[in-house]
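One-letter residues, chain by chain:
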Amino acid sequence: MEGLSYELYPFNIACKLIEPGGVQTNFWGRSLDMTKGVVDSPYGQNAANYLAQMTVPASENRVQPEMVAQVIYQAATDGKRKWRYPVAAADFIKYRRSMSDEEWIDTMMKNYMGEGQSTNKQ
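Asks: Summarise the packing of aromatic side chains; cite the residues concerned and give the values.
Replies: Going through the model one piece at a time under the given rule, you end up with 2 aromatic pairs. With 5.9 Å between their ring centres and 65 degrees between their planes, tyrosine 6 and tryptophan 83 make a pair best called edge-to-face. You can see tyrosine 6 sitting in helix α1 (residues 2-8) and its partner tryptophan 83 sitting in the loop between α4 (65-77) and β2 (84-86), a full 77 residues away along the chain. A relative accessible area of 29% means that tryptophan 83 is categorised as partly exposed. Between tyrosine 95 and tryptophan 104, the aromatic rings sit 5.8 Å apart at their centres with planes inclined by 70 degrees, giving edge-to-face as the arrangement. The exposure class of tyrosine 95 is partly exposed, given its relative accessible area of 40%. Above the face of the tyrosine 85 ring, lysine 82 is positioned so that its terminal group lies 4.5 Å from the ring centre.

Cut-offs and rules
- Residues numbered from 1 in each chain as written.
- Predicted model: local features only at pLDDT ≥ 70, side-chain atom pairs only at ≥ 80, totals over all residues.
- Heavy atoms only, no water.
- Phe/Tyr/Trp six-rings, centres within 6.5 Å; stacked < 30°, edge-to-face > 60°.
- Helix = DSSP H or I, 4+ residues; strand = E, 2+ residues; numbered from the N terminus.
- Buried < 20%, exposed > 50% of the residue type's maximum accessible area, 1.4 Å probe, protein only.
- Lys NZ or Arg CZ within 6 Å of the ring centre and 35° of its normal.

Next up, the structure:
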């Protein structure tokens, strides 16, 4: 996004990044139909673990879509040369920045794939 911003700036086109964090929608519930056939693939167990976590009812920490829409409107109309517009993700961003990339990957693997550590260490 940053590189694109530099390329478009001479044409008076601004690039803006909306960072909503978790949004209170039924995305995962209605998207499960797209996963048919995955269960029997080599990725099946990982997909099953991930989908089990993602279909848990949304937490109270997720923002309403209307709040995201307000921030999008603000970004589109504020006339500022500002790139990032976090919505309600401040706590999440702080949590993410509290650990290294490797620690983050391990955490995600544990939370969403049911594994204690990343299986792709290099």
